[in-house]
Amino acid sequence: MDGNIVVSYKVLCESDIYKEVSLNELLQNEKVLKVIKSEYVKGGRNLDVLAKDDATIKIETQRAVHTFEVSKNDFADLLILAEEDAKNRKLFKKECERVELVDIQTV
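The text that follows walks through the structure, step by step, so that each part is easy to find. This one's a predicted model, so the numbers in the text were calculated from it and none came from an experiment.

### Observations concerning helix H3 (residues 78–88)
Here comes step 1: Every buried residue of H3 is listed here: Leu78, Ala82, Asp85 and Ala86. An end-on view of H3 places all buried positions within 100° of arc, on one side of the element. Looking at H3, the residues exposed on the side facing more than 90 degrees away from the buried face are Lys87 and Asn88.
Here comes step 2: Next to the buried residues of H3 lie strand S1 (4–12), strand S4 (65–71) and strand S5 (98–106).

Okay, here's the thing in structure tokens:
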């Protein structure tokens, strides 16, 4: 195959946070309701806050996205190549030794 692949990845740490919270679960929390009511409906009483859809809110640690370019022939080894790229750039630190592929684009 001719051409190249641009690979984007993040370095992950053991202390990273990833949590999903549904909108209904969030609206059941009294502290959250109190903040919403005080911010958007000042002085209102006996109010209900409802959600139409059960959307999900993701809470995750922000990480820098790094990229590198390889041949399309190396597609099967992208994860290994991403780890090697992170090692070469000295991105791995104590408790930060995992890689997550974010995006793969053909060029």
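And the narrative resumes.
### A few points about the environment of Leu26
Here comes step 1: Of note, Leu26 is situated in helix H1 (residues 23–27).
Here comes step 2: The spatial distance from the C-alpha of Leu26 to the C-alpha of Ile36 is 11 Å, given a sequence separation of ten residues.
Here comes step 3: Apart from the residues lying within four places of it in its own chain, the contact partners of Leu26 are Val21, Val32 and Ile57.

### Things to note about the sheet that holds S1
Here comes step 1: Overall, antiparallel pairing links the three strands, which are arranged S4-S1-S5 in an open sheet. The open sheet has two edge strands with one neighbour each: S4 and S5. For this sheet the average axis-to-axis angle between neighbouring strands, irrespective of direction, equals 30°.
Here comes step 2: By the bridge criterion, seven bridges tie S1 to S4 in an arrangement that is antiparallel.

### Here we look at the state of the cysteines
Here comes step 1: The full count for this structure, using the stated rule, is one disulfide.
Here comes step 2: Covalently, Cys13 is tied to Cys96 through a disulfide, its sulfur atoms 1.8 Å apart. Here the S-S torsion is close to 100°, and the disulfide linking Cys13 with Cys96 is therefore right-handed. Of this pair, Cys13 sits in the loop between S1 and strand S2 (18–22) while Cys96 sits in the loop between H3 and S5, and the two are 83 residues apart along the sequence.
Here comes step 3: Note on Cys13: relative accessible area 5%, which makes it buried.

### A word on unusual backbone geometry
Outside of glycine, negative phi angles account for most residues, and trans bonds account for most peptide bonds.
Here comes step 1: With a phi close to 60°, Lys90 is a non-glycine residue in the positive phi region.
Here comes step 2: With respect to the helices, strands and loops of the structure, Lys90 is situated in the loop between H3 and S5.
Here comes step 3: For Lys90, a relative accessible area of 69% corresponds to the exposed category.

### Focus on the layout of surface pockets
Here comes step 1: Of the pockets and cavities examined, the largest pocket occupies roughly 160 Å³.
Here comes step 2: In terms of lining residues, the largest pocket is bounded by Lys10, Leu12, Asp16, Ile17, Tyr18, Glu60, Thr61, Arg63, Arg98 and Glu100.
Here comes step 3: Mapped by element, the contributors of at least two residues to the lining of the largest pocket are S1 and S5.
Here comes step 4: A per-class count over the lining of the largest pocket returns three nonpolar, one polar and six charged.

The rules behind each value
- Residues numbered from 1 in each chain as written.
- Predicted model: local features only at pLDDT ≥ 70, side-chain atom pairs only at ≥ 80, totals over all residues.
- Heavy atoms only, no water.
- Buried < 20%, exposed > 50% of the residue type's maximum accessible area, 1.4 Å probe, protein only.
- Helix = DSSP H or I, 4+ residues; strand = E, 2+ residues; numbered from the N terminus.
- Arc of directions from axis to C-beta.
- Contact = heavy atoms within 4.5 Å.
- Pairing = 2+ DSSP bridges.
- Axes fitted to C-alpha atoms, helices over the stretch in contact; angles between N-to-C directions.
- Disulfide = S-S within 2.5 Å.
- 1 Å grid on protein atoms, 1.4 Å probe; cavity = no way out; pocket = protein on both sides within 12 Å on 5 of 7 lines; lining within 4 Å.
- Points joined across faces, edges and corners; volume = space filled by probe spheres on them.
- Nonpolar A, V, L, I, M, F, W, Y, C, P; charged D, E, K, R; others polar.

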